[in-house]
Amino acid sequence: MEKPFPHMTCGVCSKPYNDPRILSCLHSFCLQCLHHEIEKSGSQQMFQCPICEQNTSIPVGGASVLPQNLHLGFEVEVAGYMSKMTSNSDVACDQCAEGSSDPAVVFCCACHHFLCAFCLEHHKRNRIWSKHKIVGLDQEGARQLHTTMKPRDHYCSQPNHEDNDWIFYCETCSLLQRPIKWKSQEHLKMQKEVVTKLTGAIDENNRMIEQVEISKRNAFLAINQAFETLQQTLEERKKTLLSELEAISLSKTTALTLQKEQFEKMVGDIGHYTDMASQILQTHTDHEIVALGGLIPTELQATLKRVQTISLTPNQHSNISVSVKTDDLVRQLSKLGEIIVFFPSPSSCTWMSTSVARVGTRYHVKVQSKTSKGEEYPHGGVEVKGEMRSKTHNGAVVYGEVEDHRDGTYTITLTPQTAGPHQLLITMDGEHVQNSPNDLDVRPKRDYHTLCNAQQVIQCYRPLCVAIHDNGDIYVGSGDHCIYVFDQTGQLKNTIGSRGSGDGQFSYPFGISIKGEVLYVADSGNCRVQKLTSSGKFLHTFGQQGSGQGQFNCPVAVIIDSNNKLIVSDYCNHRIQIFNENGGWLLTIDGNVSGNHSFQFPWGLALDPQGNIHVAAEHSNIIKVFSKEGVYVRMYGDPNGPIGLAIDDEGYSLVSEVSGHCLSIYDPEGNKIHTVGNLKNPHGTALDPRDGSVFIANYGANTVLKYCVNI
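No experiment lies behind these values; they were computed from the predicted model shown.

## As for the packing of aromatic side chains
Turning to step 1, where the next piece is worked out: If you walk through the whole model with that rule in mind, you get 15 aromatic pairs.
Turning to step 2, where the next piece is worked out: Centre to centre, the rings of Tyr-484 and Phe-486 are 6.3 Å apart; their planes meet at 50 degrees, and the pair counts as tilted.
Turning to step 3, where the next piece is worked out: Stacked on the ring of Tyr-699, the Lys or Arg Arg-462 has its end atom at 5.2 Å from the ring centre.

## Concerning helix α3 (residues 117–125)
Turning to step 1, where the next piece is worked out: Listed as buried for α3 are Cys-119, Leu-120 and His-123. Along the long axis of α3, the arc covered by the buried residues comes to 105 degrees, so they all point the same way. Opposite its buried face, α3 presents the exposed residues Phe-118, Lys-124 and Arg-125, each directed more than 90 degrees away.

## Section: the sheet that holds strand β31 (residues 575–579)
Each strand in a sheet pairs with its neighbour through backbone hydrogen bonds, running either in the same direction (parallel) or in the opposite one (antiparallel).
Turning to step 1, where the next piece is worked out: Read from one edge to the other, the open sheet built from 4 strands follows the order β29-β30-β31-β32, with strand pairing classed as antiparallel. Looking at the sheet topology across the chains shown, the edges are occupied by β29 (555–560) and β32 (585–590). Along the sheet, successive strands turn relative to each other by an average axial angle of 20 degrees, direction set aside.
Turning to step 2, where the next piece is worked out: As defined by bridge partners, strand β30 (residues 566–570) adjoins β31 across 5 bridges and the pair is classed as antiparallel. Within β31, the residue paired with Leu-566 across the bridge is Phe-579.

## What to know about the nonpolar core
Generally speaking, a soluble globular protein has its nonpolar side chains buried in company with each other.
Turning to step 1, where the next piece is worked out: Judged by nonpolar contacts, the single largest core of 21 residues is most densely connected at Tyr-363, Val-365, Val-367, Leu-414, Ile-426 and Met-428.
Turning to step 2, where the next piece is worked out: Breaking this core down by element, the ones donating at least two residues are β12 (363–368), β13 (384–390), β16 (409–414), β17 (420–428) and β19 (438–443).
Turning to step 3, where the next piece is worked out: Every residue in contact with Met-428, bar those within four places of it in the chain, is listed here: Pro-344, Pro-346, Cys-349, Val-367, Ser-369, Val-382, Glu-383, Val-384, Tyr-410 and Val-433.
Turning to step 4, where the next piece is worked out: Core analysis: the second largest hydrophobic core is formed by 19 residues, Cys-33, Ile-38, Phe-47 and Cys-49 among them.

## Remarks on empty space enclosed by the protein
Turning to step 1, where the next piece is worked out: One pass over the structure, following the stated rule, counts 1 cavity of 30 Å³ or more.
Turning to step 2, where the next piece is worked out: Taken as a whole, the largest cavity encloses approximately 30 Å³ of empty space.
Turning to step 3, where the next piece is worked out: By residue class, the composition of the lining of the largest cavity is 6 nonpolar, 2 polar and no charged.

## Considering the side chain of Ser-534
Turning to step 1, where the next piece is worked out: Along the chain, Ser-534 turns up in the loop between β27 (528–533) and β28 (538–542).
Turning to step 2, where the next piece is worked out: With a relative accessible area of 11%, Ser-534 lands in the buried category.
Turning to step 3, where the next piece is worked out: A distance of 2.5 Å separates polar atoms of two side chains, one belonging to Ser-534 and the other to Glu-517.
Turning to step 4, where the next piece is worked out: Excluding anything up to four places from it in sequence, Ser-534 contacts His-469, Tyr-475, Ile-496, Ile-514, Glu-517, Val-518 and Leu-519.

## Let's talk about the sheet that holds strand β24 (residues 492–496)
Turning to step 1, where the next piece is worked out: Spatially, the 4 strands line up as an open sheet ordered β21-β22-β23-β24, and their pairing is antiparallel. With partners counted over all chains shown, the strands left at the sheet margins are β21 (463–468) and β24, one partner each. Within this sheet the neighbouring strands show an average axis-to-axis angle of 20 degrees, counted without direction.
Turning to step 2, where the next piece is worked out: Across 5 bridges, β21 lies against strand β22 (residues 474–478) in antiparallel orientation. The residue bridging Ile-468 from the neighbouring strand is Ile-474, located in β22.

## A word on the pairing of strand β15 (residues 401–404)
Turning to step 1, where the next piece is worked out: Pairing geometry for β15 and β16, over 4 bridges, is antiparallel. The residue of β16 that forms the bridge with Val-402 is Ile-412.
Turning to step 2, where the next piece is worked out: A loop of 4 residues connects β15 with β16, the two strands running antiparallel in sequence, and Arg-406 in this loop sits at a positive phi of about 65 degrees.

## Thoughts on unusual backbone geometry
Turning to step 1, where the next piece is worked out: Of the consecutive residues Ser-436 and Pro-437, the connecting peptide bond is found in the cis state with omega at 0 degrees.
Turning to step 2, where the next piece is worked out: Residue placement: Pro-437 occurs in the loop between β18 (431–432) and β19.
Turning to step 3, where the next piece is worked out: With a phi angle near 60 degrees, Ser-14 is a residue other than glycine that sits in the positive phi range.
Turning to step 4, where the next piece is worked out: Relative to the assigned elements, Ser-14 resides in the segment before β1 (20–22).

## Concerning the pattern of salt bridges
Turning to step 1, where the next piece is worked out: In this structure the tally under the stated criterion is 20 salt bridges.
Turning to step 2, where the next piece is worked out: One salt bridge in this structure joins Arg-331 and Asp-328, with 2.1 Å as the shortest N-O distance. Of this pair, Arg-331 and Asp-328 both sit in helix α8 (residues 327–334), 3 residues apart, which is roughly one turn of the helix.
Turning to step 3, where the next piece is worked out: What makes Asp-328 partly exposed here is its relative accessible area of 47%.
Turning to step 4, where the next piece is worked out: Between Glu-650 and Lys-445 there is a salt bridge, and its shortest N-O distance comes to 3.4 Å. Taken together, the residues span a long stretch of sequence, with Glu-650 in the loop between β37 (642–647) and β38 (653–657) and Lys-445 in the loop between β19 and β20 (456–459) at a distance of 205 residues.
Turning to step 5, where the next piece is worked out: Since its relative accessible area comes to 37%, Lys-445 is described here as partly exposed.
Turning to step 6, where the next piece is worked out: When salt bridges with common partners are traced through the structure, they connect Arg-358, Lys-445, Arg-446, Asp-648, Asp-649 and Glu-650 into a single cluster.

Rules used in this analysis
Residues numbered from 1 in each chain as written. Predicted model: local features only at pLDDT ≥ 70, side-chain atom pairs only at ≥ 80, totals over all residues. Heavy atoms only, no water. Phe/Tyr/Trp six-rings, centres within 6.5 Å; stacked < 30°, edge-to-face > 60°. Lys NZ or Arg CZ within 6 Å of the ring centre and 35° of its normal. Buried < 20%, exposed > 50% of the residue type's maximum accessible area, 1.4 Å probe, protein only. Helix = DSSP H or I, 4+ residues; strand = E, 2+ residues; numbered from the N terminus. Arc of directions from axis to C-beta. Pairing = 2+ DSSP bridges. Axes fitted to C-alpha atoms, helices over the stretch in contact; angles between N-to-C directions. Core = buried A, V, L, I, M, F, W, Y, C linked by side-chain atoms within 4.5 Å. Contact = heavy atoms within 4.5 Å. 1 Å grid on protein atoms, 1.4 Å probe; cavity = no way out; pocket = protein on both sides within 12 Å on 5 of 7 lines; lining within 4 Å. Points joined across faces, edges and corners; volume = space filled by probe spheres on them. Nonpolar A, V, L, I, M, F, W, Y, C, P; charged D, E, K, R; others polar. Polar contact = N/O pair within 3.5 Å; in protein donor to acceptor, adjacent residues only side chain to side chain. Salt bridge = Lys/Arg side-chain N within 4 Å of Asp/Glu carboxyl O.

Here it is in structure tokens:
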């Protein structure tokens, strides 16, 4: 075999394996190579693998006692046979006496012998051998050999046990040698599970290494930017001080120069008058001197008098000093900056969910990991666990499934099995997060099949929509262009607004939504959304007629999500718009497209427990579901003119059908499970947040109906 496969070559001698033995690191080497390497190392107790450098204890008896790599030896043996079978040279028969000239023509896969034509006939006549697999000495035979040839039988090496087959161990002495195969399929399964976990851990480490590099790069940029800013500030300050120095120096020099010039002029004047007086005294007569009238002495005296009236001291000090106290600054700069290694602190981590769960219904908890400083930790990989523990039923526990979103947030999903008081426990790395454990009320599953006759009827002119306050008050948008507020007994307690376009006035308030003490109104006729207090005091308005971002053409519904974002049905623009709580545009879900994403004349809106947006498309007679990012998720139902839409905390949808004159109820998978009939053009529908009672704005009958749900 001139060119063996790499995995059949010894890593020491680079030749095909000869009696390969396995080290504890699972690397194999020829027995003779191991003898040589161990002798060369000088140690008879420990041997370092030439490939991975892992140490293997040398058993008593040396390398010969190390387990044989029978599979690898078999592979080398097969490769040797295949090489002979595909060579152009004759192969000697293994059963003929030495010196026989008959070449082999076939190979026996059971005996591992090359056979000539004569021996082949003898082979075929033998009762046992006749069943052996025989292949030809060609490429096809070599291919078959690789798939059909089986390893030789191996026997126990202990004395007196030579006839005992050695598969995993000798049954006579129960001497465990080194099992080649796993004891059972369960071990294989366990191995795969461990490998899967390790692979996941490796992937997580790789992801964390990438995150470390990203964090390092961001920190590097931040450090450079900070010190560049400092350097720029120092340079600017340096320029300012030098500029001030130059200005002060120039001012002093100019003043001193002017003073010097004044002194020089006086010296010149005195010299001039003195010279003239001397000349006159020498050249003029007394009469000529008298005729000058004392002019020169007068000018000289005036100059001398001026000298006496001015200061001869320099009008500027020469000293210009600067005060740059750098000691404190240098000390501060030497300690400027800090490399912070962020990690999540369980006691700072927060979570969010509803306070009520339902038996048999998935309950979701969203966990946000944070640092000890309360800053959001932006990475995953932390061990988060959640469980729901019954305070009754012998403390029955439900364990949650955790989804790591890899951004520092986690979703725990639990499905309670029993009703009653529970404790919700959430831990991170074995420690309780903030507000854990926490009380949780698990209620029985709702039964909408019991909806039949209304338990309460409230008279109201042309009710368009309905919403229920946490205190049980019933808010109804009316065709009277106002909002009526009824108490729990159905008695009118307040009227909000009137017809008009001013602040707090309405034109067909088709949609209302209330959260806490804030009321939002889809003021359809005025193409806007108004924000008021629950008592009706005007706070804010946004929107105007049009088709641009933040504009409306007949808004008919408004709802509020858990992040206080406002979701509005823009009816005649065939779209849904999403805003922040102050009316700032964020996102548009456009129905004016083809495919599953399209819808026409959207009306009712509702959010399911996962935060998905359900849209009742009136003219499309379908309910479309979109993620909070506006991505299409699914569709369901076949309602006849869906207008009103409400979804309970289990994911059941209640759809009022204006053309079908009924209320249809769908389970979380979108299957219709019940219908409430005998309605007349029903519009909006709502659920009481306290007990799940169903309210319907029965527009055509001028009533608001209340149905109680059995739980």
